[in-house]
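Fold and contact review
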Amino acid sequence: MTGPTTDETAAPTSSEERPVGWWHRGHPVFAALTGFFAGLVFVVVVPGAYAAVLAALMDYEAAEDLFPFVLVTLAVPIALLVPPVTRRFARYMLLGIVSTALVVGGVAALVLWLLVSRG
């Protein structure tokens with residue numbers, strides 16, 4: 001049996017010959033960027049979608065009472081911290097969640113302060 005020929009082991013010469021996901025595995029900041037922006041989207045989309053589903057399924061008072069259970073979804077990034085394969089992604093996702101929440105909270109506090117102090 002013979003091994004592969006030199007043509008089969010040569011590096012791809014053009015971008016069309018490379019596999020599509022080559023940079024997903026090889027780029028050092030891919031997990032960090034996707035994790036951070038997943039955390040940002042998590043803070044914005046998950047509570048909004050949860051509130052929309054609750055509002056569609058039940059009356060306003062019941063939806064308002066059940067809304068704090070959206071915090072249960074924080075189990076997802078915490079569970080991603082357990083396996084070593086997803087640990088780096090989960091750390092950056094939690095960083096995205098915390099930093100987005102701090103920015104939104106800080107801007108809301110500043111706007112509220114400005115409205116109260118000038119009113």
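Refer to the structure presented above.
Residues numbered from 1 in each chain as written. Predicted model: local features only at pLDDT ≥ 70, side-chain atom pairs only at ≥ 80, totals over all residues. Heavy atoms only, no water.

Further remarks concern a negative patch on the surface. Together, Asp59, Glu61, Glu64 and Asp65 make up a region of like negative charge exposed at the surface. With respect to the element layout, Glu64 can be found in helix H4 (residues 60-66). (Patch = residues over 30% accessible without salt bridge, like charges linked within 9 Å, V, L, I, M, F, W, Y side chains within 5 Å. Areas by Shrake-Rupley, 256 points an atom, 1.4 Å probe, with all protein chains shown as cover. Salt bridge = Lys/Arg side-chain N within 4 Å of Asp/Glu carboxyl O. Lys, Arg positive; Asp, Glu negative; His and termini not counted. Charge placed at Lys NZ, Arg CZ, Asp CG, Glu CD. Helix = DSSP H or I, 4+ residues; strand = E, 2+ residues; numbered from the N terminus.)

Once that is clear, we can look at the environment of Met93. With respect to the secondary-structure elements, Met93 resides in helix H6 (residues 87-118). Each C-alpha atom of the pair Met93 and Gly39 lies 4.3 Å from the other, and the pair is 54 residues apart in sequence.

Mapped onto the secondary structure, Phe42 falls in helix H3 (residues 30-57). Judged by its relative accessible area of 13%, Phe42 is buried. In this structure the C-alpha to C-alpha distance between Phe42 and Leu94, which are 52 residues apart in sequence, comes to 9.7 Å. Excluding its chain neighbours within four sequence positions, the residues that come into contact with Phe42 are Pro47, Thr73, Leu74, Pro77, Met93 and Ile97. (Buried < 20%, exposed > 50% of the residue type's maximum accessible area, 1.4 Å probe, protein only. Contact = heavy atoms within 4.5 Å.)

Between the first and last C-alpha of H6 there are 46 Å, a value that for 32 residues agrees with the 46 Å anticipated at 1.5 Å per step. As for H6, its buried residues are in contact with H3 and helix H5 (75-80). (Expected span 1.5 Å × (residues − 1).)

There is a patch of nonpolar side chains on the surface, built from Val29, Leu33, Phe37, Leu40, Val41, Val44 and Val45 and spanning about 590 Å² of accessible area. If you trace the backbone, Leu40 turns up in helix H3. Residue classification places Leu40 among the partly exposed positions, given a relative accessible area of 32%.

Following the sequence through the fold, Thr100 ends up in helix H6. Classification of Thr100 by relative accessible area gives buried; the value is 10%. Once residues lying within four places of it in the same chain are set aside, the contact partners of Thr100 are Leu40 and Val43.

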